[in-house]
Amino acid sequence: IKHNVVGELTGFLYPDSIIFITGHYDATAGSPWSAEPVAPGADDNGSGASCVIECARILSQYNFEKTIRFVAFAGEEQGLYGSEDYVQDLLNAGTLVVGSFNYDMIAWSGSDPPPPDMVIYADYNPLSQAMANKVAEAVITFVPDSVEPDIDISPGMGSSDHGPFWDAGLPAICGIEEQAWGPDFNPYYHSVNDLVIHCDLPYAT
């Protein structure tokens, strides 16, 4: 049995309004139903899990009006099991979800002309699109020479842990290094070679 790992930074003004920063921590190198071969999972999704932890480390030094919840999901590779159950629990509890920022594979800069892309997936929900615009704005403001944001309104691209939020009508985005399975996608994806030595750590940072 795998468990979701959750940390929370309680908001001082609207503690019942929750913003999520998420990524999955499981990995696969073949069949997601087998522990062999061992999956190092540096990019997929050690990078996203590291993002969640780093956001928690930095944001914990500040106070925010709304609650921020940091979630590392289990069972993504088997079919979004961790996030599906978690979102259902949110619905059952009547949780006020402001939005979820999900990151899945953000350490492969690829071979496109610099600066390397970060694709930001959103669905047709205008709140999801506003979140995507805010991420793109932050990228352009703080790291304009390091990352190029690319907003993609693709409601069918729900194959990561933002998907259950979309399915529930909740706003969410997914940040990823390249169009899913596009021409510049990480060639070490779901293999024993998904290693840190193949990651672009300055880009991931």
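Residues numbered from 1 in each chain as written. Predicted model: local features only at pLDDT ≥ 70, side-chain atom pairs only at ≥ 80, totals over all residues. Heavy atoms only, no water.

Draft legend 1. Just the overall build of the chain, in detail. Within the chain, the secondary structure is distributed over five helices and seven strands. In the chain, the succession of α and β elements from N to C terminus is β-β-α-β-α-β-β-α-β-α-β-α. Whereas a compact globule of 205 residues would reach a radius of gyration of roughly 17 Å, the chain reaches 16 Å, a difference of no more than 12%. Within the chain, the proportion of its 205 residues that are buried is 47%. Summarising the internal contacts of the chain: among those between residues at least 6 apart in sequence, 81% fall at separations of at least 24. Counting only carbon and sulfur atoms, one obtains 58% of the accessible surface of the chain, whose full area is about 10,200 Å². Charge-centre separation for the chain: the mean point of 5 positive side chains lies 12 Å from the mean point of 29 negative side chains. (Helix = DSSP H or I, 4+ residues; strand = E, 2+ residues; numbered from the N terminus. Rg over C-alpha atoms; globule rule 2.2 N^0.38 Å. Buried < 20%, exposed > 50% of the residue type's maximum accessible area, 1.4 Å probe, protein only. Contact = heavy atoms within 4.5 Å. Areas by Shrake-Rupley, 256 points an atom, 1.4 Å probe, with all protein chains shown as cover. Lys, Arg positive; Asp, Glu negative; His and termini not counted. Charge placed at Lys NZ, Arg CZ, Asp CG, Glu CD.)

Draft legend 2. Just the sheet that holds strand β3 (residues 66-73), in detail. Across the sheet, which stays open at both edges, the seven strands sit in the order β1-β3-β2-β4-β7-β5-β6 with mixed pairing between neighbours. One side of each edge strand has no neighbouring strand; the edge strands of this open sheet are β1 (5-9) and β6 (148-153). Neighbour to neighbour, the strand axes of the sheet diverge by 20 degrees on average, direction disregarded. In this sheet, β3 lies alongside β1 in antiparallel orientation, the contact comprising five bridges. Looking across to β3, one finds that V5 is bridged to A72. Contacts from helix α1 (residues 42-59) reach β1, β2 (14-24), β3 and β4 (96-103), with the element oriented near 150 degrees to β2. (Pairing = 2+ DSSP bridges. Axes fitted to C-alpha atoms, helices over the stretch in contact; angles between N-to-C directions.)

Draft legend 3. Just the nonpolar core, in detail. If you look at the biggest cluster of nonpolar residues, it comprises 20 residues, and the most contacted ones within it are F20, Y86, L90, V97, Y121, F165 and I176. Elements that contribute at least two residues to this core include exactly β2, β3, α2 (81-93), β5 (117-122), α4 (163-167) and β7 (172-176). With residues near it in sequence (within four places) discarded, I176 still touches D104, M105, I106, M118, V119, Y121 and F185. Residues I106, A132, V135 and I173 belong to the second largest nonpolar core, which totals 15 residues. (Core = buried A, V, L, I, M, F, W, Y, C linked by side-chain atoms within 4.5 Å.)

Draft legend 4. Just the environment of S160, in detail. Take S160: it is sitting in the loop between β6 and α4. In this view, S160 contacts E76, L80, N102, D104 and C174; residues no more than four positions away in its chain are not counted. One polar contact links S160 to N102, side chain to side chain, over a distance of 3.1 Å. (Polar contact = N/O pair within 3.5 Å; in protein donor to acceptor, adjacent residues only side chain to side chain.)

Draft legend 5. Focus on the packing of aromatic side chains. Applying the stated criterion across every chain, the model contains seven aromatic pairs. Measuring from centroid to centroid gives 5.9 Å for W108 and Y188, while their planes differ by 80 degrees, and the two rings are edge-to-face. Of the two residues, W108 is situated in the loop between β4 and β5 and Y188 in the loop between β7 and α5 (201-204); the sequence distance between them amounts to 80 residues. Residue Y188 is classed as partly exposed on the basis of its relative accessible area, which comes to 25%. Ring geometry for W181 and F185: centres 6.2 Å apart, planes at 45 degrees, overall tilted. Among the residues examined, W181 registers a relative accessible area of 52% and is labelled exposed. The class for F185 is buried, based on a relative accessible area of 12%. Put simply, the rings of F20, F73, Y86 and F165 pair up and form one aromatic cluster. (Phe/Tyr/Trp six-rings, centres within 6.5 Å; stacked < 30°, edge-to-face > 60°.)

Draft legend 6. Region of interest: empty space enclosed by the protein. Following the criterion strictly, the structure yields one cavity of 30 Å³ or more and no others. By volume, the largest cavity amounts to about 40 Å³. Together, W108, S109, G110, D112, P116, D117, E177, E178 and D184 line the largest cavity. A breakdown of the residues in the lining of the largest cavity according to their chemical character gives two nonpolar, two polar and five charged. (1 Å grid on protein atoms, 1.4 Å probe; cavity = no way out; pocket = protein on both sides within 12 Å on 5 of 7 lines; lining within 4 Å. Points joined across faces, edges and corners; volume = space filled by probe spheres on them. Nonpolar A, V, L, I, M, F, W, Y, C, P; charged D, E, K, R; others polar.)

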